[in-house]
There are 2 protein chains.
Amino acid sequence: MTTVAPHRPGHLMAAEIAEQPAAWRRLLAGIDAAGIDAAADLIRSRAPRTVLFVARGTSDHAALYAKYLVEIRHGLPAGLVSPSTMTAYGARPDLRDVLMIGISQSGGSPDLVRTLEVARAQGALTVAVTNSAGSPLAAAAHAHVDVLAGPERSVAATKSYTAQLLALYLLLERVRGADTSVAAALPDLGDALLARDAEIAALAQRYRFAQRMLTTARGYSYPTAREAALKLMETSYVSAQAFSGADLLHGPLALVDPQVPVFAVVAEGVGGTAMRDVLPRLAERSADVCCVGHPAAVEAAATGFTLPAGAPEVLSPLLEIVPFQLLALHLAVGRGGDPDAPRGLSKITETL
Amino acid sequence: MTTVAPHRPGHLMAAEIAEQPAAWRRLLAGIDAAGIDAAADLIRSRAPRTVLFVARGTSDHAALYAKYLVEIRHGLPAGLVSPSTMTAYGARPDLRDVLMIGISQSGGSPDLVRTLEVARAQGALTVAVTNSAGSPLAAAAHAHVDVLAGPERSVAATKSYTAQLLALYLLLERVRGADTSVAAALPDLGDALLARDAEIAALAQRYRFAQRMLTTARGYSYPTAREAALKLMETSYVSAQAFSGADLLHGPLALVDPQVPVFAVVAEGVGGTAMRDVLPRLAERSADVCCVGHPAAVEAAATGFTLPAGAPEVLSPLLEIVPFQLLALHLAVGRGGDPDAPRGLSKITETL
């Protein structure tokens, strides 16, 4: 006689968060199998003048990360496409000399597939980055990169997000012939982070009754702030809002008071340094700041979580998001929710 | 003997909201004085292949509107630049064949000025759209468009926003030689909207105690949802979050319950039609929806505000935002605040 184990809330999300270092190891060992070198060769041979990204939800934050990579390291103009322009409005832009990268965990959303199809017909070189080699998005593109994260079953995407970041880093760095060996340090750093789950569980107690939250960062870490806010929203139903540190000062700073916790990501490097103007303005408003970042920044804040040293700024987003994934998990479960199946959501979202 | 009148909270914002139709008339009558035709001629002569925008805060929402115009009506790839890539990270992208448009009310934020300077040095054609002809941003660009909104003194930008939308519409339509005479109907429609202030004052009572709000729209109206959320945040300190209707279904839908009011902008046209998939999903979650839009959409919602007919979809954003500006004003004043001087903010925000 067999019994079916009862579903423990959040166990899928917890397992997939924990799988991340293994997923990164798999991708680093399988760059060729993932299709990264083939896609990089194709992109290099076409020498695009502009790079566009199309994605939604969590994948949109991976796209934003890649947009920074393109702007900073490739010196090319980049943009995030509004899919409705091509699907609903029927725009048929001139996309010669354009690389369009579509990013999606499932590779199944019809509006993304349609956008890549139109882009291809309009002259763009198209690359799909998905976690599903057999997906319609992969089929629609000239080249496919498989992020090799393995099946993701929790509705809240975690391992597919960091695998997307790593795949995009490897792809775009290899396009310009850069050495990507520094990424080899990531899996061990990820393991060390995950071993500190109890710190995050304690932190989650502190935010048990928070209804509103702000997240903020600059540069490569800004996508972390965006993804952290989405994770908190979709699992714990808090109104979490993300702002670049600079945009925060252009209006949303008025929101800040001691009742709205602020999570500031302050990694080592240029983006973290650019947050130096933002933190004093938060202090003026008596904000309750939790700093996720390097030791000196964490020490200066009311609360914090220290990120491990050893990753360059450009790879820090893979590590930074992990404490937020764990926070979202603990907060959701602590509030009696089930982050594996948030209300109103299903794993694959089909938008037209 | 003269006495100084005491400051009535929100009187500057109220006056500037009310001035909008007059500002639009001034701009429509002064297209040449605003520098629009000269800038349009210059852009046409250079035939850019890609268009980038740089802006922050409210002006970023005008940039997003213009991005839709470029993508849909010009058939060119477009993007919103992250200023930190050029200012903090020192990126020096290849911007030949690129048009970069910087948008700012004051034209004074150092990071925008620096971004336009770098873009110009990197080969881009640069255009500044400001409300201040003598501003550093105007001086940094090849061409300047003055939105002619007159001095704006309320910290919460209102008339400068709709003047930016109109100036960008006129500029980009004239670049492609289109007839812009349809815009002549806007000022009278704006006057008719403003005459219905009492409807919005009544609506504000309904949201007196709301701490969280969502706004949503698609297509040309999506910038309205973004700007409405910012206006509510910066004046009334509510956690107002904006999502494109499609992105809402990819995660944030979990936030929706009957305690979080949703403002849906459903104008006539493609963007409003694309909201048809979103509204039933909101109903499934028992959302309290206030619809700002065309009569049939408003009739189907719990609460609503009917927009006047007579403007094409592409110009609807100028009208759609007006009820939200009034709502933010009434809500802020009703809560004892002063939207002319929100806590923590000053009129000109200087970010580096």
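Residues numbered from 1 in each chain as written. Chains lettered and ligands numbered in written order. Predicted model: local features only at pLDDT ≥ 70, side-chain atom pairs only at ≥ 80, totals over all residues. Heavy atoms only, no water.

Here we look at the overall build of chain A
Part 1 of the reasoning: The helix and strand inventory of chain A stands at 16 helices and 10 strands.
Part 2 of the reasoning: Relative to the globule expectation of 20 Å for 352 residues, the C-alpha radius of gyration of chain A, 20 Å, shows essentially globular dimensions.
Part 3 of the reasoning: Structurally, chain A occupies a C-alpha span of about 65 × 50 × 40 Å along its principal axes.
Part 4 of the reasoning: Evaluated residue by residue, chain A yields a buried proportion of 65% over its 352 residues.
Part 5 of the reasoning: Contacts in chain A between residues far apart in sequence, at least 24 positions, make up 76% of those at least 6 positions apart.
Part 6 of the reasoning: A total of about 11,500 Å² of accessible surface is found on chain A, and carbon and sulfur atoms cover 53% of it. (Helix = DSSP H or I, 4+ residues; strand = E, 2+ residues; numbered from the N terminus. Rg over C-alpha atoms; globule rule 2.2 N^0.38 Å. Buried < 20%, exposed > 50% of the residue type's maximum accessible area, 1.4 Å probe, protein only. Contact = heavy atoms within 4.5 Å. Areas by Shrake-Rupley, 256 points an atom, 1.4 Å probe, with all protein chains shown as cover.)

Comments concerning the relation of the copies chain B and chain A
Part 1 of the reasoning: Of the transformation superimposing chain B on chain A, the axial component is 0.0 Å and the angular component is 180 degrees, with the fit at an RMSD of 0.0 Å. On the angle and the small slide along the axis, the relation comes out as a two-fold axis. For chain B, the minimum C-alpha distance to the rotation axis belongs to Gly79(B) and amounts to 1.9 Å.
Part 2 of the reasoning: Both copies share a contact surface, since 100% of the interface residues of chain B are interface residues in chain A too. (Least-squares fit on C-alpha atoms with pLDDT ≥ 70 in both.)

Remarks on the environment of Leu327(A)
Residues and elements named next belong to chain A.
Part 1 of the reasoning: In this structure, leucine 327 sits in helix 16 (residues 316–334).
Part 2 of the reasoning: Here the alpha-carbon distance between leucine 327 and aspartate 197, two residues 130 residues apart in the chain, equals 9.0 Å.
Part 3 of the reasoning: Setting aside residues no more than four positions away along its own chain, leucine 327 makes contact with Ile200, Leu203, Ala204, Leu232 and Phe263.

Quick word on the domain arrangement of chain A
All names here are of chain A.
Part 1 of the reasoning: When its domains are assigned, chain A resolves into domain 1 (11–178) and domain 2 (186–334).
Part 2 of the reasoning: On a C-alpha basis, the centres of domain 1 and domain 2 stand 25 Å from each other.
Part 3 of the reasoning: Taken residue by residue, the interface counts 27 residues in domain 1 and 28 residues in domain 2.
Part 4 of the reasoning: Counting every contact that joins domain 1 to domain 2 gives 2 salt bridges.
Part 5 of the reasoning: Two residues, aspartate 188 and arginine 25, come together in a salt bridge whose shortest N-O distance is 2.9 Å. (Domains from an automatic or database assignment. Salt bridge = Lys/Arg side-chain N within 4 Å of Asp/Glu carboxyl O.)

Section: the nonpolar core
Part 1 of the reasoning: Among the nonpolar cores identified, the biggest contains 112 residues, and Leu282(A), Ile101(B), Val127(B), Leu166(B), Tyr169(B), Leu171(B) and Met213(B) are the most heavily contacted of them.
Part 2 of the reasoning: Per element, the largest residue contribution to this core is 11 residues, and it comes from helix 8 (residues 159–175) of chain B.
Part 3 of the reasoning: In this view, Val127(B) contacts Ile43(B), Leu99(B), Met100(B), Ile101(B), Gly102(B), Leu116(B), Ala141(B), Ala143(B), Val145(B) and Leu171(B); residues no more than four positions away in its chain are not counted.
Part 4 of the reasoning: In this structure, Ile31(A), Ile72(A), Leu171(A) and Ala240(A) belong to the second largest nonpolar core, which totals 111 residues. (Core = buried A, V, L, I, M, F, W, Y, C linked by side-chain atoms within 4.5 Å.)

Examining helix 4 (residues 58–74) of chain A
Residues and elements named next belong to chain A.
Part 1 of the reasoning: When the terminal C-alpha atoms of helix 4 are compared, their 24 Å separation across 17 residues agrees well with the 24 Å that a helix rising 1.5 Å per residue should span.
Part 2 of the reasoning: Across the 17 residues of helix 4, 15 count as buried, placing the element largely inside the fold.
Part 3 of the reasoning: Looking one or two places after helix 4, you find glycine 75, whose phi comes out positive at around 60 degrees. (Expected span 1.5 Å × (residues − 1).)

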